[in-house]
Each structure stands twice: as structure tokens, then as C-alpha cells.
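Structural overview
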Amino acid sequence: MSTTQRILPKGVSEADFDAALVRFREILGADSVLTESDQLAAYSKIMMAGDDADYIPSAALLPTTTEQVQEIVRTCNQYKVPIWTISTGKNLGYGSAAPGETGQVMLDLHRMNRILDVDPDVCTALLEPGVTYQQLYDYIKEHDLKLWLDPPAPSAIAGPVGNTLDRGVGYTPYGEHFMFQCGMEVVLANGEVIRTGMGGIENSSSWQVFKWGYGPYIDGLFTQSNYGIVTKMGLWLMPEPPAYRPFIIQYQDPEDIEEIVDVLRPLRIAQIIPNAVVIVHTLWDAGTHVVRKDYYEGSDSIPREAIERIKADEGIGEWNVYAALYGTPEQIEVNWKIVEQAFGASGKAKIMHGEEAEKRGGGFEYRSALMKGDMNLQEFGLYNWRGGGGSMWFAPVSQAKGSETKDQTELAQQILGKYGFDYVAEYIVGWRDMHHVIDLLYNRQDPEETQRAHDCFAELIDEFAKRGYGLYRTNTEFMEQVAGTFGEPLREVHKTLKNALDPNGILSPGKSGIRQ
């Protein structure tokens, strides 16, 4: 970056920043300390409705070892330099690889990409933060291990560590990712390293199999937070089942969402259907491979008649349930009869598997792959739905009850419609909860539309919170607002922990609304 364009970290003098850079180069080598504007361009791209000028890093650091991370944070403490940590930097729609605010130094861990251990007997893995889902998938295939991953969608270029730390979800029976995490190595703000769970015992063989260790369980403190830098993490992997049956259930009326959820809930809680089921709305199902302008070119929300034409042309429902059964062929036959009986009772559902479902088209092929842990990038197609590069994921949580789901759907459609945006959404069904995931797609090249998207997202947060629906995750532009919806007493606890663990406030300031 030229001298005239130089951006310094907030509150750091030019002399101190230069001194810190000298030390960073001693630790990492000059090639791993990026300061030129062309080198930093990749860290400034955002898809959320914020001002580009608010998300420009002052430098980027590329360590390859835990020891280098320790030395970096010690240097940052000495010169009060704030760093923003990313793993693979593919958290698209939630902030991408950009810093939390202009002037922060990127700590990019993508070169820490070693698969340290995969144990096929106890089905565990120990990974560094730069490992991608594709890398781990390829490793499992190359070693002919009978193990399945649980990737999000799209997944190949993202990583298990970063996704789990942000409490992401997937689509197999291991879909709640943090639940299947076991053991962390964390660099604290003072440069010390801790290992959670059984990792504190030297030569422990149970670090990746027993989550709790001894004393308070603290792994959760390092998810969606800025209390430490995770440099290793254990995961549980799913054993490949002897048989697998993906299926789709279609419903045609908008109000059917209530019946779907009430039928599905007991099947999920009883583990008849063991995986993280998705209930996909028409525009999401079509949006992965259909362009909006082929059906409607207006700047307001897509009208009902266009949605009905999409349903007819694509052979998809208003709601499309993607789920799967796992186990022996005999187990699957027993559970399939239960599923058919439950969803067939009202006569509204169209239930399909095998060749009938494959001929149906839509998202069945890539959804079937996801529910068995295979990689694909199909959902990037959503970014072509409206075009212009704007995307923000709005993700409130509800109970797995039809009444709440109906209420959330109507509220979201009302607010999105007010601002002229489309309801492109799906529900991901946990054991008792629902993640309502809405992709607010807009043209980021249009300043007026970008401002509307910003106002719309802010109203969604507030109006959902008024009805008791909080977000499980959000992008960096709205972290402060979302933190506020959970109440000041909780924020004070987060602040107390921050002051205790990071008294100089150098680790990802503002992450999840947490500051000193």
C-alpha cells in the first residue's frame, strides 16, 4: 500500500505499526506479511450491505504454525495492534474474508492446513483451521476409509474448523456441527496455549473422544467469540452406513408449512428420520439453477403468479422436504413405512425416492449428495437469482412447531415484500429446533437497493426479536445490533470475559458485538 493510502490500526501510531510489521516479518518471513493494496484486495470484498470503506485491512499475516500465532499475539499485545482471524475466509454472506472494521490486521490461518490425525476406529479427526472440507474428503477417499463428513452447502472451499466455530450446520445425522466437535487447542491473547477437554493431560489418548475433561466445560467460549485463536480442533466423523435412502416430499400450498413441521417433529425427536432435514421454499429450490429475470423483471418482490409458473415449469412444490434414512436395508424399510404413513395421512404430500425423485429434477441430486456428506457448490447458483453480488443470510431460530414456522414465514415475507425483496428461504430441522435461513439477495452495484437491503435486514432483526425469535448467527455489519437483542446483562458477561482473557482487546474486536 502506498504511503498516501496507508491505513493504520485504530489508536496505533505509524511508528508502532512499523515496529510491529518488522517483528511480524521476523516471525513469518517477509513473504507472509502482506501490506500492498493488491495483496489485500481479496480481504476487502464483502457481500453484505455495508460501506466498502468500513472493511479495509491494514495488513495480513499468514502463519503456518501455532508457535508463530503465539509470537504474533505477543507482538500485537506489545503494540496494541488489533487482529481479525479467519480460517479459510469463505464465510460468504456472513462477512467473507474482510476484517470486522477498517484498520484491523488480518490473521489468515489458511496455510495452517494439516490433517493431523484421522482415526477410523473411533471415527475422529484432528485438524488445523485451514483444512477444507474438500481436503478432508479427499484424504478419506485416498485412504479408503468408511467415514462420512457433514459439510454445509456450498462446502468444498469452506473448512470444518471455521464452520464449527461459527456454529454452522449441515445435512447428515451429524448436522449440528458444534455438537460433534471434541477438543480444541487455543492460543490466548497473552500468547499461552491451552488444550480443552482431555487435551490438558500429556499424551492423552482421549482428547478427541471425551468432550468434557475435568472442571468447567469451556469449548463453547471459543465459538462465535473473540476470546482466543483456535489452532487445532477435534471432530467426530460419521461411519458410513450399510444403506442410505434419500427422499423428497412435496407440498403445494403456502400454508402447508404448518402441517409439514408438526408431522416431522416427532419423527426427528424419535430419530426415525435421523438427519438434519431441510424444508426448502420454491424460490430457493429454483434459485440454485433458475434466473429470476426469466420469470419476472420488476424491482419489487416476485409476484405469486410467477412463483406458480416456476413451480409448474420446474416440477417443484411450494415446500420441498429433503430427508434421508440410514442404517441396514431392513431398518430403512421399517422406517420408510413409518414416514409414508405419517406424511400420507392428510393426502397433501407427494412422497418420492429413487428413480421417481431423480426424474423430478430440481435440487434432488445435489441434496442427496449433501445428505451423505459429498461435496458440491450448487448453492452458489443462488447468487445469480437476482444478480449484483449482494447476499446476507438472515437466520432466526424457532421451535420445531408448525405454528412458529407459519408465523416466521408470514413475518419474513411481509418485511421482505415491504422493501421489494424475494423470500428465498429454507428451514433446517434440528432435533427440536428450526434454523430459518433466508438469503436476502440484492444488487450491491445499486446504492439505492443496497441501502434498502440494509434497512430491510435491520428491520428483520428487530421485528423478529419482538416476537421472541433471535438469530443464531449474523454477518459483521449487524453483529452489534443482534448482540443487543439478547440483552445488556448477557453482553456485560461477555465483556467481563473479554476483559479477563484479552485485556488489551487485540483479538477480533467487535466479533459478535463483544468489545472491552
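Quick look at the structure, then. Residues take numbers from 1 onward in each chain, read along the sequence in its written order. Owing to the predicted nature of the model, reporting of local features is limited to residues with pLDDT of at least 70; listing and counting of side-chain atom pairs is limited to 80 or more, with chain, interface and lining totals taken over all residues. Values shown for side chains rest on all heavy atoms present in the structure; no hydrogens or waters enter the calculation.

1. Notes on the packing of aromatic side chains
To keep it simple, the criterion reads: Under the pairing criterion, centres of Phe, Tyr and Trp rings, with the six-membered ring standing for Trp, must be within 6.5 Å; the plane angle then separates stacked pairs below 30 degrees from edge-to-face pairs above 60, leaving the rest tilted. The way it works is that DSSP assigns letters per residue, a run of H or I at least four long becomes a helix, a run of E at least two long becomes a strand, and they are numbered from the N terminus. Type-normalised accessible area, obtained with a 1.4 Å probe on protein chains alone, sets the label of each residue: buried when under 20%, exposed when over 50%, and partly exposed for intermediate values.
Taken as a whole and assessed by the stated rule, the structure comprises 15 aromatic pairs. Seen in terms of ring centroids, Tyr244 and Tyr326 are 5.3 Å apart; in terms of plane orientation they differ by 45 degrees. Their pairing is tilted. Here Tyr326 lies in strand 14 (residues 319–327) and Tyr244 lies in strand 12 (residues 243–251), a separation of 82 residues in the sequence. Overall, Tyr244 belongs to the partly exposed group, its relative accessible area being 22%. Taking relative accessible area as the criterion, Tyr326 reaches 11% and is therefore assigned buried. Between Phe394 and Phe464 the ring centres are 5.0 Å apart and the planes differ by 75 degrees, which places this aromatic pair in the edge-to-face class. With Phe394 in strand 16 (residues 389–394) and Phe464 in helix 14 (residues 447–466), this pair connects stretches of sequence that are 70 residues apart. The pair formed by Phe394 and Phe464 is uniform in burial state, with each residue classed as buried.

2. A short note on the sheet that holds strand 8 (residues 181–187)
Just so we agree on the cut-off: DSSP bridges decide pairing: two strands pair if at least two such bridges lie between them. Orientation is described by axes fitted as lines to C-alpha atoms, over the contacting stretch for helices, and by angles from 0 to 180 degrees between their N-to-C directions. Whether two residues are in contact is decided by their heavy atoms, any of which lying within 4.5 Å being enough.
Taken in spatial order, the five strands make up an open sheet running 5-6-10-8-9, and their pairing is antiparallel. Whereas interior strands pair on both sides, the edge strands pair on one side only; in this sheet they are strand 5 (115–119) and strand 9 (193–195). Each strand of the sheet is rotated relative to its neighbour by a mean of 10 degrees, with strand direction disregarded. Inspection of the sheet shows strand 8 paired to strand 10 (residues 229–236) by five bridges, in the antiparallel sense. Looking at strand 10, one finds that Val186 is bridged to Val230. The sheet contacts of helix 4 (residues 133–142) involve strand 5 and strand 6 (124–127), and relative to strand 5 the element is tilted by about 50 degrees.

3. Re the nonpolar core
We count it as follows: Among the buried residues, those of types Ala, Val, Leu, Ile, Met, Phe, Trp, Tyr and Cys that are joined through side-chain atoms within 4.5 Å form a nonpolar core.
Ile273, Ile279, Val339, Met392, Leu416 and Leu440 are the most contacted members of the largest nonpolar core, which totals 55 residues. Excluding anything up to four places from it in sequence, Val339 contacts Phe247, Ile249, Ile272, Ile273 and Leu325. With 40 residues, the next largest nonpolar core counts Ala286, Ile316, Leu382 and Leu441 among its residues.

This is a description of form; function is not addressed.
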